[in-house]
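Each chain is listed here by its residues.
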Amino acid sequence: MLSSLHVCILSMFFCLCINAQTELQNNSTLVNVGVVLDLDSLVGRIGMTSLSLSLSDYYSIDRNFSAKIVLHVRDSNGQIIDAAASGMSLSLLKDVQVDAIIGPQKSAQSSFVIGLGNRTNVPIISFSATSPSIYPQTPYFVQATITDEAQVGAIAAIVKNFRWTQVILIHEESDYGNDIYPYLMNALQDVNARVSYRSIIPVAATNDFMLQELYKMKTMQISVFVVHISSSLASKLFPKVKEAGMMREGYAWIVTSGVMDLLYSLDSHVIETMEGVLGVKPMIPNSRKLSSTAKRWKKKFSQDHNHGFSQAEFGLYGIWAYDAMWALAMAAERVQFKEQISSLQNTSTNLFDVEVSKTGPSLLQALSEVTFQGLGGEFHLVNGKLEPSYFQILNVIGKGEREVGIWTASDGILSERDVNVTSSSSKMLKNIVFPGDSIVVPTGWEVPVSGKKLRVGVPLAAGFIEFVKVGKDPQTNASKYSGFYIDMFDAVMAALPYVVPYKYVPFETFNGSSESYDEMLSQVYLQKYDAAVGDFTVTTKRLKYVDFTLPFAPGGITAIVKNEDKNIWFFLEPFKTSLWLTTMALFFFTGVVVWILEHRLNNAYRGPLAQHAGLIFYFPFMSVVYAQREIIVSNLARLVVVVWMFVVLILNSTYTANLSARLTSESLQPGTNLKKEDYVGCRNGSFIYNFLREQGFNESMIKTYNSSKAINEDLSKGSKKGGISAFYSAKPNANLFLSRFPKKYRTIGKTISTEGFGFAFEKGSPLVADVSRAVIELTENHRLSDIEERWMKDRLNYEPDSIKKITLTNFAALFGITGGITTICLLVFIASFLYKNRDFVQRIISNSSETSWSKARAICKRFDQRDPDSFRSSKYQEEEDGSPNKTGNPRSSTVVPLSTMDSNDENGDTSPKSEHALVPNHQMRSTDHDHLHIITNV
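Residues numbered from 1 in each chain as written. Predicted model: local features only at pLDDT ≥ 70, side-chain atom pairs only at ≥ 80, totals over all residues. Heavy atoms only, no water.

**Topic: the overall build of the protein chain**
Looking only at helices and strands, the protein chain has 29 helices and 28 strands in total. The contacts of the protein chain with a sequence gap of at least 6 include a subset with a gap of at least 24, amounting to 72%. When the accessible surface of the protein chain is split by element, carbon and sulfur atoms take 55% of a total near 47600 Å². (Helix = DSSP H or I, 4+ residues; strand = E, 2+ residues; numbered from the N terminus. Contact = heavy atoms within 4.5 Å. Areas by Shrake-Rupley, 256 points an atom, 1.4 Å probe, with all protein chains shown as cover.)

Here is the structure:
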């Protein structure tokens, strides 16, 4: 009896609860939400199952809801126009008057729907439209997904990790495929890589079209491909990739999340063709809730779709759809639905004439503020879309995928999945299997399979055969290539980590114009050549249409001129003629004034007229070297001399400084003594031609040359004789030219800095980076130095003197004047001596019994004796003036009679044989002609 009572009470309690719950549900506001999906597609069916499961789970947990979402599903059938018509016009906006729409499924469909959503203030929520270009169109479009722009950073990190510099982008012809290109291009540019070719595949492309496009890309040098297509198109593309022979060792393929998330849905034979492919997709953190939900989802999916898609998994699109519906349900609870749109009746027949939602803005605001821990991680909308966090880097192996790394925007590539220990995680990817079951990292560049060798252009007129020489084999008539640059290119290509077949091709259209080098490089841009070898200076203009390697030879522009050291009057150049004449006049005037001021007071300024004239010129000129010895006794004369010495000091210092500057200025100042009216020259086809034009030289004054012989001839002539005054050349060429003519020419001015010589390759060629590394390697191990030594010896390193040496010709005139005056004075003195001693000389010469040597000794002994006339005149003057000697005592003299000498004159012996007699001074007036008196001061 008691047990029956308990059962009765419990039954009544449950009835009351059920009635209360029913009454609460009846009082809840219904929120109409439209769903526009392609229910025939895998993503559409996955999304539909996730939406219904999420809604069921939400209301099973929160039974005290005040707003209940009711789904109104419309099938877009994969057609863009049907999605807009059925989803927005009659079924949803006009008839149902929905508060929000989930969908549409594809980016192209979204572009039609979001415009109407913005017009009616109805939020459009998509969990599968990942195109980054949709969002900016309207604030009423919510991307509850991670857009494609977020994954380009992970792709760029993979490219950077393997040091690839170029990739080929393959994408489908749709909004989904097209919109990723600018984002990928910018991301690759940040890691010094770029998209070298863009292949667009139509959504309905045939197998023949795909094969044709693949074969086209196969002939290119790039072997790294980034694929951004739908999974359905991927199932047709990759079998053709395998068929084209592009899924082998040396190739690398990277696919985006659209393929990687649905990889399991592809046929097994398609997955087998994708062996070694790398892929990226957003990472979903593991959790118990995710595991239990995935099991229930899979069971529900099987119940909802009991035929087809038996291998469906609860992937990214399913998780994003689940979280989007959960967020919408939470937002609906926060909005007070006081009046439903359905209470308004719209009888308009206009397709786009619909009412504006009153709850849409509030619902959008509430949705943007929702934050919770969803199955895909933290759900929080930023600017109307989910914030990206981590991306998985996956490797297709066998029939599935394997995680080889994690990428984050802040930390880059990590090998650990546990994001909580990223600080200690390795910055490298795990072992990867590349196409062809290879573990060798592809180089990113492959030899074209067409069998053609790399075509390397070589200029026929390279100027110096030591650099590049193109000849003919007399037996085969085939072109032969040699020279420093040829051997250097051969060594660099041999140092690459892979074999690159190539052949040299002469540039046969060398027309002799100033633009010929640029024309040759333009042929590389036009793909007539794959590369070019020669003395090509790296310039900004040329970098616009070719890529250069790192310079293998130094740069710089040097001017070469002829040595002009023939000016014998060079020492007169510091002063102008007017200054020289004025200085000479001032010299004479100063001498005259000093003589006048000292003549009456100073014995040194008295005497014969000839002595006075000599003193007038002697004194001022000796003051130039401060060697005057005459005593100045007049104060006025002293004043004149002081002023004159100051003038001499200034003149001397100015002359010395100016002369020194002239001897060095030509080596320190660019273009010294060159005028714009002078003819100048440069190499034919060189960029220096434009450089000279920029420096102000007229085109008619610039000559171009192809051989060193012609350069030598015109430089020797000079501008006045139809040649050139200077030749401008790159430093290596200039040094080689000067080494041939080291005494004939010299450089002037400072070397103008430019980039060096580099090998030119087709724009975007992946060989540039590898060849540049090979240049550095060969430079460090001195291989390039050995090649240079073999061809150039010391020529390429020839360094002309930076300071011009002073030669004898610089002072030939000065030395000539000095030597001439000295010689004339000597000849005059000798003539005077011979004239005064003519009787003695005639007797010696007429004596036939003596030898020539004895006659010469006799004349020299005669010359060694003092002049009696000059000596006697001096002594007489002292006696007349009564001037004492320096000690204040009367001067004494020693007289030596030469009677014995006279007796031996005929024998040539003029030495005295009698004893010296000491005589008083008054006896010195003797006029005896038989004796020659030698007077010596005591």
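Further notes follow.
**What to know about helix α2 (residues 42–61)**
Its 20 residues place the ends of α2 29 Å apart at the C-alpha level, agreeing with the 28 Å of an ideal helix rising 1.5 Å per residue. Across the 20 residues that make up α2, a large majority, 16, are buried. Between the side-chain oxygen at the start of α2 and the backbone nitrogen of G44 there is a gap of 3.1 Å, and the oxygen is on S41. (Expected span 1.5 Å × (residues − 1). Buried < 20%, exposed > 50% of the residue type's maximum accessible area, 1.4 Å probe, protein only. Polar contact = N/O pair within 3.5 Å; in protein donor to acceptor, adjacent residues only side chain to side chain.)

**Section: the pattern of salt bridges**
Pairs can form between side chains of opposite charge whenever their charged atoms are close. As enumerated under the stated definition, the model contains 9 salt bridges in all. Among the ionic pairs, E149 bridges to K385, the shortest N-O distance being 3.0 Å. Taken together, the residues E149 in the loop between β5 (141–143) and α5 (152–161) and K385 in strand β13 (residues 385–386) connect sequence positions 236 residues apart. With its nearest N and O atoms 2.4 Å apart, the salt bridge here joins R773 to D770. Taken as a pair, R773 and D770 lie in helix α23 (residues 767–780) at a separation of 3 residues, close to a single helical turn. (Salt bridge = Lys/Arg side-chain N within 4 Å of Asp/Glu carboxyl O.)

**Here's the deal with the packing of helix α15 (residues 484–494) against α23**
The geometry of α15 relative to α23 is characterised by a closest axis approach of 9 Å and an angle of 105° between their N-to-C directions. One finds that α15 runs roughly perpendicular with respect to α23. Each of A491, V492 and M493 in α15 lies in contact with α23, whose residues at this interface are V771, A774, V775 and L778. (Axes fitted to C-alpha atoms, helices over the stretch in contact; angles between N-to-C directions. Parallel < 35°, antiparallel > 145°, perpendicular 65-115°, else oblique.)

**Focus on the packing of aromatic side chains**
Each aromatic ring pair is specified by the distance between its two centres and by the angle formed by the two planes. One pass over the full model with this rule turns up 30 aromatic pairs. Pairing Y317 with W320 gives two aromatic rings, centres 6.0 Å apart and planes at 80°, and the pair type is edge-to-face. Placement of the pair is Y317 and W320 together in helix α13 (residues 316–334), with a separation of 3 residues, close to one helical turn. A centroid spacing of 5.1 Å and a plane angle of 75° characterise the contact between F489 and F759, whose relative ring orientation is edge-to-face. (Phe/Tyr/Trp six-rings, centres within 6.5 Å; stacked < 30°, edge-to-face > 60°.)

**Let's talk about a nonpolar patch on the surface**
A cluster of nonpolar side chains, namely M584, F588, F617 and F621, defines an oily patch on the protein surface of about 380 Å² accessible area. Following the sequence through the fold, F617 ends up in helix α18 (residues 609–622). (Patch = residues over 30% accessible without salt bridge, like charges linked within 9 Å, V, L, I, M, F, W, Y side chains within 5 Å.)

**Some words on the nonpolar core**
With 90 residues, the main nonpolar core has I69, I102 and W164 as its most contacted residues. With 15 residues, the single largest contributor to this core is α13. Those residues in contact with W164 that sit more than four places away from it in its chain are I158, V159, A193, V224, A252, I254, F434, V441, P442, T443 and G444. Counting residues in hydrophobic clusters, the runner-up holds 36 residues, among them L454, F489, V768 and V775. (Core = buried A, V, L, I, M, F, W, Y, C linked by side-chain atoms within 4.5 Å.)

**Let's talk about the sheet that holds strand β22 (residues 546–548)**
Ordered by their spatial adjacency, 5 strands build an open sheet running β20-β17-β21-β28-β22, and the pairing between neighbours is mixed. With one partner strand each, in any of the chains shown, β20 (502–507) and β22 form the two edges of the open sheet. In this sheet, β20 lies alongside strand β17 (residues 454–459) in parallel orientation, the contact comprising 6 bridges. Among the inter-strand pairings, L454 is bridged to a residue of β20, identified as Y502. Taken strand by strand, α15 contacts β17, β20 and β28 (760–762), and its axis lies near 155° from that of β20. Each of β17, β22 and β28 touches α23; the most contacted strand, β28, lies at about 155° to it. (Pairing = 2+ DSSP bridges.)

**As for the pairing of strand β12 (residues 377–382)**
As defined by bridge partners, strand β11 (residues 371–374) adjoins β12 across 4 bridges and the pair is classed as antiparallel. Note that in β12 the partner of T371 across the bridge is H380. A loop of 2 residues connects β11 with β12, the two strands running antiparallel in sequence. When β12 meets β13, the two strands line up antiparallel, connected through 2 bridges. By the bridge assignment for β13, V382 is matched with K385. Counted between consecutive antiparallel strands, the loop separating β12 from β13 contains 2 residues, among which N383 sits at a positive phi close to 55°.

**Quick notes on the side chain of T549**
Positionally, T549 belongs in the loop between β22 and β23 (557–562). Those residues in contact with T549 that sit more than four places away from it in its chain are G758, F759, F761, V768, V771 and S772.

**Side note on the confidence of the model for the protein chain**
Taken over all residues, the pLDDT of the protein chain has a mean of 76, while the share at 70 or more is 75%. Strand β9 (residues 252–255) holds the highest mean pLDDT among the elements of the protein chain, 96, whereas helix α29 (residues 899–903) holds the lowest, 38. Between residues 510–515, whose pLDDT stays under 50, and residues either more than four places distant or in other chains, the model counts 19 contacts. In this model, residues 870–938 is a region of pLDDT below 50 whose contacts with residues beyond four sequence positions or in other chains number 84 contacts. (pLDDT = per-residue confidence, 0-100.)

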